[in-house]
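If you want the building blocks of each chain, they are given just below.
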Amino acid sequence: GRFMKIWKNRKLRYSLIGLLAAIGLLAGLFFTDAPGWKSRLEGNSVLARASRDLSQYEISATFDPSRKTLACRQKVEYRNRSGQNLTRLYFHLYPNAYRYEEKPVFEERDRMRAYPNGFSPGSLDMDTIWINGKETDFVIGGDSENLLMLIPERSLKPGEALSIEMHYLVRMPNCFGRFGYGDHTYKAANWYPIACVHDENGWNLDRYYAIGDPFYSDTANYEVTIKVPSDYVLAATGDCKKEDGKSGNTVWKFHAPAVRDFAWIASKDFQTASRRVGSATVTSYYYTEETGERALDYAASAMKFYNQSFGKYPYRHFSVVEADFFIGGMEYPNLIMMDHNLYAPGETDSLELVTAHETAHQWWYGLVGNNEVRDAWMDEGLTEYSTVLYYGNRYGANQEKRVYHSTMGEGKYSYLPYYIKSAEVDETIHRPAYEFSDGTLYDLLVYGKGAMMFHDLQRKMGRETFLQVLQEYCREYQFRNAGKEDMVRTFHRVTGKNWEGDFNKWLYDEKHE
């Protein structure tokens with residue numbers, strides 16, 4: 001990305017010479033023994049352990065539905081876990097990806113559905129930043145001002161921490177994508193400055209691509225306070241405490257340990273229905289009355305199966321949220337955003353499929369993270385196949401086969417020759433999302449062929465062994481980010497056999513190597 005502006009303390013611009021070389025951000029945000037965390041997490045030793053070495057985000061937001069704005073103050077305690085001296089720090093400013101009509105975050109074919117009332121801009125305007133209490137200069141850059149670069153006074157050594165405070169204003173677009181508002185809901189997803197990830201490849205500064213889910217983040221602890229008019233109900237990541245505020249406002253306080261993002265959705269129209277699954281409460285937030293409880297049933301059934309198959313969901317809450325959203329479903333920690341069209345009469349099969357898929361993402365994305373831009377097959381392919389297994393568990397082997405051969409996995413992949421006639425199509429799955437020609441090809445290969453790979457592995461080693469591998473993979477990498485080698489190594493370790501050749505046969509197209 002190209003860095004475009006620097007702002008001085010008093011928001012005076014000056015030229016950017018010498019700062020274009022910036023790459024690389026630390027993502028291993030780190031916060032140790034935050035006050036109040038231990039006591040609240042007693043009784044959940046998994047989360048207590050997981051939250052101990054993480055970064056801390058404290059965000060206070062005031063939501064003004066009449067202006068479609070969020071006035072925010074954010075504090076991040078940030079520790080260098082990269083093993084290298086860091087001279088710069090980076091944050092994604094995802095709302096700015098929605099700023100320019102000529103730099104869209106949707107494919108051409110989807111723009112009308114994304115903006116049914118015409119293009120509407122979204123943005124994040126940074127006002128002031130302090131590092132360790134001292135007001136500091138900052139750089140806004142990237143493809144659509146979607147990156148923030150900070151230059152500490154001295155480089156941050158491995159293990160060192162610093163405190164960053166930011167004041168900013170978020171404007172929501174009238175948009176049916178992940179971020180924005182429609183007739184019933186306000187969707188605050190990818191809405192605040194979140195640290196970019198620093199990994200073995202250095203900084204990950206990917207822009208908001210139109211294809212796939214262009215996100216990659218580290219697990220952190222969140223304390224988020226949102227002041228909203230009292231006639232709104234909020235669904236969000238984490239555990240909630242409500243306090244009545246003054247002059248018709250309510251203050252919602254969310255405590256979310258060891259999650260890799262924080263999202264919330266507000267509506268005046270929400271009804272709710274809840275069910276207990278294990279030690280978690282599953283809640284359906286909906287405004288289409290006939291279908292809201294059905295969504296709850298699908299989510300609760302899926303969670304029960306995944307708990308048994310992959311490992312226990314460690315959080316206290318999981319929310320399934322009907323929203324003004326047109327792209328099926330979208331996963332966030334402890335919350336899935338659901339396309340309101342799925343709640344229509346006659347769409348129950350699709351509602352079940354998408355709900356079961358997005359619920360599986362609470363394991364493959366939520367618990368075990370990965371680079372969703374470069375390794376999308378790791379969460380999408382495995383999530384798609386997990387959904388196939390859900391059907392087998394709930395409805396029996398015949399239904400599992402039917403779904404696999406007609407709708408998901410092989411069923412999905414079988415559309416490829418009808419979609420692209422050319423025999424020259426590159427079927428490589430393991431490549432960045434932006435290298436796929438469009439979202440349909442991405443779907444057929446990453447989801448369809450990706451699920452076929454996991455089906456093939458399961459067939460060769462037997463279901464029991466396959467589930468043992470997934471349980472070990474989840475146990476080993478939960479609250480972390482995994483790469484291809486980590487997954488292949490886990491298959492090897494549990495089975496005693498090297499499966500790398502099997503993975504590569506599916507992941508790469510020999511014609512195009």
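Refer to the structure presented above.
Worth saying up front: this structure is predicted, and the values here are computed from it rather than measured.

### So, the pairing of strand S23 (residues 271–277)
Okay, step 1: Where S23 lies against strand S24 (residues 280–286), seven bridges are found, and the strand directions are antiparallel. Residue pairing in the sheet places Gln271 in a bridge with Tyr286 of S24.
Okay, step 2: Once S23 ends, the chain turns through two residues before running back antiparallel as S24, passing Gly278 with a positive phi of about 65°.

### Describing unusual backbone geometry
Okay, step 1: The backbone of Glu145 shows a phi angle near 55°, a positive value even though the residue is not glycine.
Okay, step 2: Note on placement: Glu145 falls in the loop between strand S10 (138–141) and strand S11 (147–150).
Okay, step 3: Glu145 sits in the buried class, given a relative accessible area of 5%.
Okay, step 4: Even without being a glycine, Tyr365 presents a positive backbone phi close to 145°.
Okay, step 5: For Tyr365, the location among the structural elements is in the loop between helix H5 (348–360) and strand S28 (368–369).

### Focus: the sheet that holds strand S13 (residues 180–181)
Okay, step 1: In space, the four strands of this open sheet follow the order S13-S14-S22-S19, with antiparallel pairing throughout. What marks the edges here is a single partner per strand, and that holds for S13 and strand S19 (233–236).
Okay, step 2: Across three bridges, the pairing between strand S14 (residues 186–188) and strand S22 (residues 264–267) is antiparallel. By the bridge assignment, Tyr186 is partnered in S22 with Ala266.

### Side note on the environment of Val321
Okay, step 1: Along the chain, Val321 falls in strand S25 (residues 317–323).
Okay, step 2: Using a relative accessible area of 0% as the deciding quantity, one classes Val321 as buried.
Okay, step 3: Between the alpha carbons of Val321 and Asp339 there is a distance of 8.7 Å; along the sequence they are 18 residues apart.

What counts, and where the lines are drawn
Residues numbered from 1 in each chain as written. Predicted model: local features only at pLDDT ≥ 70, side-chain atom pairs only at ≥ 80, totals over all residues. Heavy atoms only, no water. Pairing = 2+ DSSP bridges. Helix = DSSP H or I, 4+ residues; strand = E, 2+ residues; numbered from the N terminus. Buried < 20%, exposed > 50% of the residue type's maximum accessible area, 1.4 Å probe, protein only.

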